Amino acid sequence: MNYKRSWFEPLVDDTEFLEADFVDFRYPRHVHETFAIGVIERGAQRFASKSGETLMPSHTLCVVDPDVVHWGWPATEVGWRYRMFYPSVRVVEAALDTARIADRFGFGEAVIDDPELFARFGGLHRRASAGDRLGLDDDVTSFLADLCARHGRGLQLQPTADCARAAATAREYLHAHVFSDVRLADLAAATGVSEAHVSRSFRRAFGMAPYAYLLAVRIERSKQMLVSGRRIAEVAAACGFHDQSHFHRTFRRLVGVPPGRFVRNT
């Protein structure tokens, strides 16, 4: 049976924390505006992105940089159990006491073998799950600072070819108009290329269609609205979904549980 619980920690700038035990759930292509950092405690996950496919085995850290489209599925019959949190760029910058990282800093590698950091993350995450928040913000800051110092690096700039520029501009437009009724014609106008060109460029750069990317970002932003107590129907409308059933189906497909259960498990 699949199990998943999420909550938002006010001590860590309302960062989402997650613990899950998935047996047969398959994550479809999706994206986070934040870093995704965690540990695989049991089993293993197959992880894939535009860069290729890799195995996330037990007792390793798993890290995904912001805005990286990725997907995953069980690598063993028992699935995988993991703990994650999703610090924003701002939270990571604060941990490093710098504003230098912008979007040119990351980890690049999805799997990090660092037993000491693995143990530290598991400890702070289990304490947070149990409601023991004494010193949690300091522990998270220390963990992030050490993780970045040991394994962070400057990322290569994206190529400046017309297709890459169009894709990057289209992504910026989607993030700026995430709750709007964005059409392909809007992206074409924003990038100065044809609708077919911007669609092909976006798929080539990020591994998914612009509309699918937009839905994934909407679902990420809907989580905190739900946790804040807003009604599901209200959140669906605020996030640009034309009906609640579409929101429900999309949320369940991307998150693994329906919105009502997500709220109950927080």
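A short tour of the structure in this document, coming up. (Residues numbered from 1 in each chain as written. Predicted model: local features only at pLDDT ≥ 70, side-chain atom pairs only at ≥ 80, totals over all residues. Heavy atoms only, no water.)

### A short note on the side chain of K4
Stated formally: Each helix is a run of H or I in the DSSP string that is no shorter than four residues. Each strand is a run of E no shorter than two, and both are numbered from the N terminus. Each residue is assigned to one of three classes by its accessible area relative to the maximum for its type, calculated with a 1.4 Å probe on protein chains only: buried under 20%, partly exposed between the two thresholds, exposed over 50%. All tallies of charge rest on Lys and Arg as positive and Asp and Glu as negative; His and the ends of each chain are not included. Within this document, salt bridges are pairs made up of a side-chain nitrogen of Lys or Arg and a carboxyl oxygen of Asp or Glu, the two lying within 4 Å of each other. In the analysis that follows, any N or O atom pair within 3.5 Å is treated as a polar contact, provided that within protein one partner can donate a hydrogen and the other can accept it, and provided that, for residues neighboring in sequence, both atoms belong to side chains. Note on contacts: a residue pair qualifies if any of its non-hydrogen atoms lie within 4.5 Å across the two residues.
Here K4 shows up in strand 1 (residues 3-9). Put simply, K4 is tucked away with no salt bridge, and the nearest opposite charge, on E16, sits 5.9 Å away. Within the structure, the side chain of K4 is placed 3.4 Å from the side chain of Y27, a separation counted as a polar contact. A polar contact is formed between the side chain of K4 and the backbone oxygen of V255, at a distance of 2.4 Å. Residue contacts for K4: discarding those within four places in its chain leaves L18, E19, A20, F22, Y27, V255, V257, R261 and N265.

### What about empty space enclosed by the protein?
The line we're drawing: Using protein atoms alone on a 1 Å grid, points that fit a 1.4 Å probe yet trap it form a cavity, whereas open point sets bounded by protein on both sides within 12 Å along at least five of seven lines form a pocket; residues with an atom within 4 Å of a point count as lining. Grid points are joined across faces, edges and corners, and a volume is the space filled by probe spheres set on the points. Nonpolar residues are Ala, Val, Leu, Ile, Met, Phe, Trp, Tyr, Cys and Pro. Charged residues are Asp, Glu, Lys and Arg, and all others, Gly as well, are polar.
The final tally for this structure, using the stated rule, is 1 cavity of 30 Å³ or more. Around the largest cavity sit 21 residues that line it, and Y27, H30, H32, H70 and Y86 are the ones nearest its centre. Taken together, the elements giving at least two residues each to the lining of the largest cavity come down to strand 3 (27-30), strand 4 (36-49), strand 6 (60-64), strand 8 (80-86), helix 7 (210-227) and helix 9 (244-255). Its residues assigned to classes, the lining of the largest cavity comprises 14 nonpolar, 4 polar and 3 charged.

### A look at the pattern of salt bridges
Tallying each qualifying case throughout the model produces 20 salt bridges. Among the salt bridges present, the one from E41 reaches R81, with a minimum N-O distance of 3.2 Å. Pair noted here: E41 is in strand 4 and R81 is in strand 8, with a separation of 40 residues, a long-range link. The same class applies to E41 and to R81, which are both buried.

### Re the packing of helix 5 (residues 184-191) against helix 6 (residues 195-206)
To keep things clear, this is the line we draw: Orientation is described by axes fitted as lines to C-alpha atoms, over the contacting stretch for helices, and by angles from 0 to 180 degrees between their N-to-C directions. Note on terminology: angles under 35 degrees are roughly parallel, angles over 145 are roughly antiparallel, angles of 65 to 115 are roughly perpendicular, and the others are oblique.
Put simply, helix 5 and helix 6 touch, their axes get as near as 8 Å, and they point 90° apart. With respect to helix 6, the element helix 5 is oriented roughly perpendicular. From helix 5, L184, A185, L187, A188 and T191 reach across to helix 6, where they touch E195, V198 and S199. Of the residues that constitute the contact of helix 5 with helix 6, the class distribution is 5 nonpolar, 2 polar and 1 charged.

### Comments concerning helix 6
The condition that has to hold: A helix is expected to span 1.5 Å for every residue after the first. Here the arc refers to the directions that run from the helix axis out to each C-beta atom.
Taking 1.5 Å per residue as the helical rise, helix 6 with its 12 residues ought to reach 16 Å, and the 16 Å between its terminal C-alpha atoms agrees with that figure. Residues V198, S199, S201, F202 and F206 constitute the buried set of helix 6. On an axial view of helix 6, the arc spanned by its buried residues comes to 165°, and they lie on one face. G207 lies just past helix 6 and shows a positive phi near 80°.

### As for helix 9
Since the α-helix packs 3.6 residues into each turn, any two residues three or four apart lie on the same face. Here helix 9 contains 12 residues, and its C-alpha end-to-end distance of 16 Å stays within 8% of the 16 Å for a straight helix at 1.5 Å per residue. All of the buried residues along helix 9 are H246, F247, T250, F251, L254 and V255. On an axial view of helix 9, the arc spanned by its buried residues comes to 130°, and they lie on one face. Turning to helix 9, the residues buried within the fold contact strand 1, strand 2 (15-22), strand 3, helix 7, helix 8 (232-238) and helix 10 (259-264). G256 sits one or two residues past helix 9 and shows a positive phi near 105°.

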